[in-house]
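Spelled out, the chains give:
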Amino acid sequence: MKTYTIVKPKNLHLENRVNCFKPDFNFNFEKAYLLIYLVILFSNKKSNTKKVELYSKTLEKLFCKDYHKYINYLVENFGGVGNVLNRYPYSENHCFSYILRDYFYENGFEIVTITDYKLINKFKVLFIKQRTNENIRLHYHFLLKHFKREKLTVHNPQNAIDSIPFSEREKYIKNAFEILKIMNHEFSLTLKTKTDGRVHTNISRLKKESRNFLRYENENLVEIDVKSAVPYFLYINMKLYQNQQLSYLNKFQYSNSPIIYMFDEITTTIDNAELEDFGRAILSGQLYEKFSNEFFNNSIYENTSLPFDKVIKYHQMIFFKTYGYSFDGCMKDLKRYAKKRILSMLFAPSYKYKFEQELFKTFYPSVLKFINEFKSLTKHSRLDGLKWEKKTAHKKLAHFCFQFEAKVMIDTIAREFDKKHKGKVPIYSLHDCLITTKSYANDLLGFMNTKFIELFGVAPGLSCKELKNEDDFKIAG
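Now for a quick tour of the structure. Model, not experiment: these values are computed from the prediction.

Analysis parameters
- All chains use their own residue numbering, which begins from 1 and follows the written sequence.
- Only residues with pLDDT of 70 or above have their local features reported here, since the model is predicted, and side-chain atom pairs are shown and tallied only from 80 upward, although totals for entire chains, interfaces and linings are computed over all residues.
- Based on all heavy atoms of the structure, the side-chain values leave hydrogens and waters out of the count.
- Helix and strand assignments follow DSSP, with helices taken as H or I runs no shorter than four residues and strands as E runs no shorter than two, numbered in order from the N terminus.
- With a 1.4 Å probe rolled over the protein chains alone, any residue whose accessible area is under 20% of its type maximum counts as buried; one over 50% counts as exposed, and the rest are partly exposed.
- Whether two residues touch is decided by their heavy atoms; if any such pair falls within 4.5 Å, the residues are in contact.
- Positive charges come from Lys and Arg, negative ones from Asp and Glu, while His and the chain ends are left out of the count.
- Throughout, a charge is located at the NZ atom of Lys, the CZ atom of Arg, the CG atom of Asp or the CD atom of Glu.
- Being paired, for any two strands, means DSSP has found at least two bridges between them.
- Note on method: axes are straight lines fitted to C-alpha atoms, helices fitted across the in-contact stretch only, with angles between N-to-C directions ranging 0 to 180 degrees.
- Whether two aromatic rings pair depends on their centres lying within 6.5 Å, for rings of Phe, Tyr and Trp, where Trp uses its six-membered ring; planes under 30 degrees apart make the pair stacked, over 60 edge-to-face, and the rest tilted.
- A cavity, in this analysis, means grid points on a 1 Å lattice covering only the protein atoms where a 1.4 Å probe fits yet has no way out; a pocket is instead an open set bounded by protein on both sides within 12 Å along at least five of seven lines, and a residue lines either one if it has an atom within 4 Å of a point.
- Grid points are joined across faces, edges and corners, and a volume is the space filled by probe spheres set on the points.
- Salt bridges, as used here, are contacts in which a Lys or Arg side-chain nitrogen is within 4 Å of a carboxyl oxygen on Asp or Glu.
- By nonpolar core we mean a set of buried residues, namely Ala, Val, Leu, Ile, Met, Phe, Trp, Tyr and Cys, connected to one another through side-chain atoms within 4.5 Å.
- In a helix, the anticipated span is given by 1.5 Å times the number of residues less one.
- Distance and chemistry together define a polar contact, namely a pair of N or O atoms within 3.5 Å, with one atom able to donate a hydrogen and the other to accept it when in protein, and with adjacent residues in sequence counting only for side-chain atoms on both sides.
- Working rule for angles: under 35 degrees goes down as roughly parallel, over 145 as roughly antiparallel, 65 to 115 as roughly perpendicular, anything else as oblique.
- In this scheme the crossing of two helices becomes right-handed for a clockwise turn of the near helix relative to the far one and left-handed for an anticlockwise turn of less than a right angle.
- Each residue gets one label: Ala, Val, Leu, Ile, Met, Phe, Trp, Tyr, Cys and Pro are nonpolar, Asp, Glu, Lys and Arg are charged, and the others, such as Gly, are polar.

Moving on to the overall build of the chain. Across its full length, the chain carries 20 helices and 15 strands. Counting only C-alpha atoms and orienting by the principal axes, one finds that the chain spans roughly 85 × 60 × 55 Å. The 477 residues of the chain split such that 51% are buried. Within the chain, residue pairs in contact and separated by at least 24 positions form 74% of the contacts whose partners lie at least 6 positions apart. The average position of the 75 basic charges and that of the 53 acidic charges among the side chains of the chain differ by 4 Å.

Across the sheet, which stays open at both edges, the 3 strands sit in the order β2-β4-β3 with antiparallel pairing between neighbours. If you trace the sheet from one side to the other, it starts and ends with β2 (52-53) and β3 (85-88), each paired once. By the bridge criterion, 4 bridges tie β3 to strand β4 (residues 97-100) in an arrangement that is antiparallel. Bridge pairing links Tyr88 to Ser97 in β4. In the packing of helix α2 (residues 29-44) onto the sheet, the strands contacted are β2, β3 and β4, and the crossing angle to β4 comes to about 90°. Packing against the sheet, helix α4 (residues 67-75) makes contact with β3 and β4, and its axis sits at approximately 110° to β3.

The next point concerns the packing of aromatic side chains. Counted by the stated rule, this structure contains 56 aromatic pairs. Ring geometry for Phe374 and Phe400: centres 6.1 Å apart, planes at 55°, overall tilted. Of the two residues, Phe374 is situated in helix α17 (residues 365-376) and Phe400 in helix α18 (residues 395-420); the sequence distance between them amounts to 26 residues. Classification of Phe374 by relative accessible area gives buried; the value is 1%. Three or more aromatic residues link up through ring pairs in this structure, and these residues are Tyr232, Phe233, Tyr241, Tyr248, Phe252, Phe263, Phe370, Phe374, Phe400, Phe404, Phe452 and Phe456.

Our next topic: the layout of surface pockets. One water molecule sets the probe size; rolling that probe over the atoms shows where empty space is left. For the largest pocket, the calculated volume is near 1,500 Å³. Lining the largest pocket are 39 residues; nearest its centre among them are Lys208, Asp225, Lys339, Leu343 and Asp432. Breaking the lining of the largest pocket down by element, the ones donating at least two residues are α10 (208-211), β10 (219-226), α11 (229-242), α14 (308-323), α15 (331-347), α18 and β15 (462-467). With 7 residues, the top contributor of residues to the lining of the largest pocket is α15. The volume enclosed by the second largest pocket comes to roughly 500 Å³. Lining the second largest pocket are 20 residues, with Leu41, Lys45, Phe127, Lys129 and Lys181 positioned closest to its centre.

All right, on to the pattern of salt bridges then. Applying the stated criterion across every chain, the model contains 25 salt bridges. With its nearest N and O atoms 3.5 Å apart, the salt bridge here joins Lys171 to Glu168. In this structure Lys171 comes out as partly exposed when scored by relative accessible area, which is 44%. Between Lys181 and Glu178 there is a salt bridge; the shortest N-O distance is 3.5 Å.

In this section: the nonpolar core. In this structure, Phe278, Phe360, Met448 and Phe452 are the most contacted members of the largest nonpolar core, which totals 159 residues. For this core, the element with the most residues is α18, which contributes 13 residues. Those residues within four positions of Phe360 in sequence are excluded, and the remaining contacts are Phe278, Phe291, Ile342, Met345, Leu346, Pro365, Val367 and Leu368.

A rise of 1.5 Å per residue sets the reference length of α2, with its 16 residues, at 22 Å; its end C-alpha atoms lie 22 Å apart and thus fit the reference within 8%. Within α2, 15 of the 16 residues are buried, leaving the element largely enclosed by the surrounding structure. At the N-terminal end of α2, a side-chain oxygen is found 2.9 Å from the backbone nitrogen of Glu30, two or three residues along, and the residue is Asn28.

With that out of the way, let us pick up the packing of α18 against helix α19 (residues 441-456). Pairs of packed helices are described in terms of their axes, by the angle between the two and the distance that separates them. Put simply, α18 and α19 touch, their axes get as near as 11 Å, and they point 125° apart. For the element pair α18 / α19, the angle class is oblique. Classified by chirality, the crossing of α19 by α18 is right-handed. Across from Phe404, Val408, Met409, Thr412, Ile413, Glu416, Phe417 and Lys420 in α18, the residues of α19 making contact are Asp443, Leu444, Phe447, Met448, Lys451, Phe452, Leu455 and Phe456. Classifying every residue of the contact of α18 with α19 by side-chain character gives 11 nonpolar, 1 polar and 4 charged.

Note on placement: Ser43 falls in helix α2. There is a polar contact of 2.9 Å between the side chain of Ser43 and the backbone oxygen of Val39. There is a polar contact of 3.3 Å between the side chain of Ser43 and the side chain of Tyr105.

Before going further, it helps to spend a moment on empty space enclosed by the protein. Summed over all chains, the structure comprises 2 cavities of 30 Å³ or more. Together, Leu234, Asn237, Met238, Phe263, Phe370, Phe374, Leu397 and Phe400 line the largest cavity. Residue assignment for the lining of the largest cavity shows that the elements contributing at least two residues are α11, α17 and α18. The biggest single contributor to the lining of the largest cavity is α11, with 3 residues. Its residues assigned to classes, the lining of the largest cavity shows 7 nonpolar, 1 polar and no charged. Counted as a void, the second largest cavity has a volume near 40 Å³. Together, Phe296, His315, Gln316, Phe319, Phe327 and Tyr337 line the second largest cavity.

By themselves, these are just geometric observations and shouldn't be taken as functional.
As structure tokens, this is what we get:
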């Protein structure tokens, strides 16, 4: 039987309300819950705070002419027990608007199933628009088809929704709607080739805690992740630049992306021994540990204008702001913090993250100079149309890295893996990570390793993570 999944507030017991305060019309609970869901859905798109305008003609198409009876019932404060919706009067150019009372957000949502197929069909026609842009339709059907087959499901969806604490209200709500989209087979894949170049899907928009509940034909999925992906791809590109092999980069850039031409403008020469040391640290998985071991080394800042006590205060403040607690000497925490700060530094304007730059420069001064010069370039000397605003020029490094990553991970590895299995094995992208079923995880791992060596001579570290939740552990135990 065709059904549709929505959510309602856990605090809302509509059946009890109806029993206590009898409606003077034939009350349909599915219509009432769907009306409340509409308010939640569209207020979520407006940051959960703005009023939702619901047009009478649209409501009549969905609920028929008695829609106003449901609204009047839900905005009524029966005997002081409180109304469900707040209604605001129409004004010039604005119709009646509604918000769900804040009380009903306090304990999160629970799943409700709509079974009235006529109501479902009308709702989909009026409100559901699946977005798949032209780039996806033309060039990435091999990714799209694994969503369209409707074999991707959410195991124990209520737990998946509650895997995000409701104290993080905005994340909780957005994540809940992403889970519902997968359950209702409402898939959207988007790609912007001129910016980050990444394919954004229902999976990539899902919080990592909830991805543990995904299944493909009831089989667990496995993520195969590129370790230190950004530094690895930077290293590969700097090697190609240093060896004057930039023509090879054309294979890994979108045809309408001009960023690659900016390499022509760079004058920095990278020290070969330094670049190789940078590469060894990345490939061995020691890069962030190398930084974390020296993060609070006073000697690094002795010959700079940065007083060491100022460095300490700065990092203490940022650490607490990032993680919500003070640094207590835990090296694991420090490595995690160092990774976050170094990656932020790489993609930020070159006048920011001065403390992190001093640390990076201690190990890799010419690499840092290359990166900062690339971020500072605003135009190509022979191409008048190739320009960036000075305040946003630094973004092209992130865009270049992500485009390169996407062309390698998706266009080359994922596409060829799909061809290898004649399109019968699921393959999903998650930026610097590829996902398949547990049965094919080792196959994909070996394929990725071989392909990286074939393309660039060296493979990055690869890690496997099986996506499973607490229920799986209980069964296994």
